[in-house]
Amino acid sequence: MQGDLKEKLILLKKVGKINEFSVDYLLRIDLYLTTHYQSSDNSAFLLHLAMAINRASNQQTIDPMSDDLWRQITQRKCFLKAKSLWSRLAEKAPVHFSEMENRYILLHLTNIVGRNQNG
C-alpha cells in the first residue's frame with residue numbers, strides 16, 4: 001500500500017499542503033506501523049495526519065470531537081499503548097499538534113493498535 005500512499009503524499013506536497021520533511025515523516029510512520037503492528041493499510045490515518053500537519057502549519061483548527069466519543073476512545077484497553085506510541089511519534093513531528101488534533105490522531109492509532117491486539 002505504500003506506493004499508493006506515497007503518490008498521494010507527493011500530490012499533497014506538489015499542491016503545497018505538506019513539505020518534503022512531512023512526506024518522509026509520514027512514510028516512516030507507515031513503515032513503523034506496518035512492521036510493528038502488521039497494519040497494512042494506514043492511508044486513512046496518514047492522510048489525516050498530513051492534513052493535521054497542514055492545519056497546524058497554518059494555525060487552523062479542526063472541529064471539536066465530542067466528549068462522548070473521546071471518553072469511548074480513552075476507555076478502550078489499547079488506549080494507553082496507542083497514547084504511548086503517539087508520544088514517541090509526535091516527538092519527531094514537523095509541527096506541534098493541538099489537543100483536538102491529538103484526539104483525532106489517537107482515535108486512528110487506537111484502532112490500529114486495537115486491531116493488532118484485539119482490543
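In the block above lies the structure referred to throughout.
Residues numbered from 1 in each chain as written. Predicted model: local features only at pLDDT ≥ 70, side-chain atom pairs only at ≥ 80, totals over all residues. Heavy atoms only, no water.

### A look at the pattern of salt bridges
Within this structure, the stated rule accounts for 4 salt bridges. Put simply, Arg-55 and Glu-101 hold a salt bridge, and the shortest N to O gap is 2.5 Å. With a gap of 46 residues between them, Arg-55 in helix H3 (residues 43–57) and Glu-101 in helix H6 (residues 99–117) connect regions that are remote in the sequence. As far as burial versus exposure is concerned, Arg-55 and Glu-101 are alike and both buried. The partner of Arg-71 in a salt bridge is Asp-68, and the shortest N-O contact between them spans 3.3 Å. Of this pair, Arg-71 and Asp-68 both sit in helix H4 (residues 67–74), 3 residues apart, which is roughly one turn of that helix. (Salt bridge = Lys/Arg side-chain N within 4 Å of Asp/Glu carboxyl O. Helix = DSSP H or I, 4+ residues; strand = E, 2+ residues; numbered from the N terminus. Buried < 20%, exposed > 50% of the residue type's maximum accessible area, 1.4 Å probe, protein only.)

### Points about the packing of aromatic side chains
Counted by the stated rule, this structure contains 3 aromatic pairs. Between Tyr-32 and Tyr-37, the ring centres sit 6.4 Å apart and the planes meet at 50 degrees, which makes this aromatic pair tilted. Relative accessible area serves as the criterion here: at 26%, Tyr-32 is assigned to the partly exposed category. Given the relative accessible area of 8%, Tyr-37 is considered buried. (Phe/Tyr/Trp six-rings, centres within 6.5 Å; stacked < 30°, edge-to-face > 60°.)

### Let's talk about the packing of helix H5 (residues 79–91) against H6
When two helices pack together, their arrangement is given by the angle between the helix axes and by the axis-to-axis distance. Packing of H5 against H6 leaves a shortest axis separation of 8 Å and a crossing angle of 120 degrees. In terms of their interaxial angle, H5 and H6 are classed as oblique. Like other packed secondary-structure pairs, H5 and H6 cross with a definite hand, here right-handed. Contact residues: Phe-79, Lys-81, Ala-82, Lys-83, Leu-85 and Trp-86 in H5; Asn-102, Ile-105, Leu-106, Leu-109, Thr-110, Val-113 and Gln-117 in H6. Of the residues assigned to the contact of H5 with H6, the class counts are 8 nonpolar, 3 polar and 2 charged. (Axes fitted to C-alpha atoms, helices over the stretch in contact; angles between N-to-C directions. Parallel < 35°, antiparallel > 145°, perpendicular 65-115°, else oblique. Left-handed = near helix turned anticlockwise from the far one by under 90°. Contact = heavy atoms within 4.5 Å. Nonpolar A, V, L, I, M, F, W, Y, C, P; charged D, E, K, R; others polar.)

### Description of H6
The terminal C-alpha atoms of H6 lie 26 Å apart, and with 19 residues this matches the ideal 27 Å at 1.5 Å per residue to within 8%. Every buried residue of H6 is listed here: Glu-101, Asn-102, Arg-103, Tyr-104, Ile-105, Leu-106, Leu-109, Thr-110, Ile-112, Val-113 and Gly-114. Check the buried side of H6 and you find it contacts helix H2 (20–37), H3, H4 and H5. (Expected span 1.5 Å × (residues − 1).)

### Quick look at the packing of H3 against H6
It is the contact of H3 with H6, at a shortest axis distance of 10 Å, that shows an interaxial angle of 165 degrees. Judged by the angle between their axes, H3 and H6 are roughly antiparallel. Helix-helix and strand crossings are classified by hand; for H3 and H6 the assignment is left-handed. Contacts between H3 and H6 involve Ala-44, Phe-45, His-48, Leu-49, Ala-52 and Arg-55 from the former and Glu-101, Tyr-104, Ile-105, His-108, Leu-109 and Ile-112 from the latter. Each residue belonging to the contact of H3 with H6 can be placed in one class, and the counts come to 8 nonpolar, 2 polar and 2 charged.

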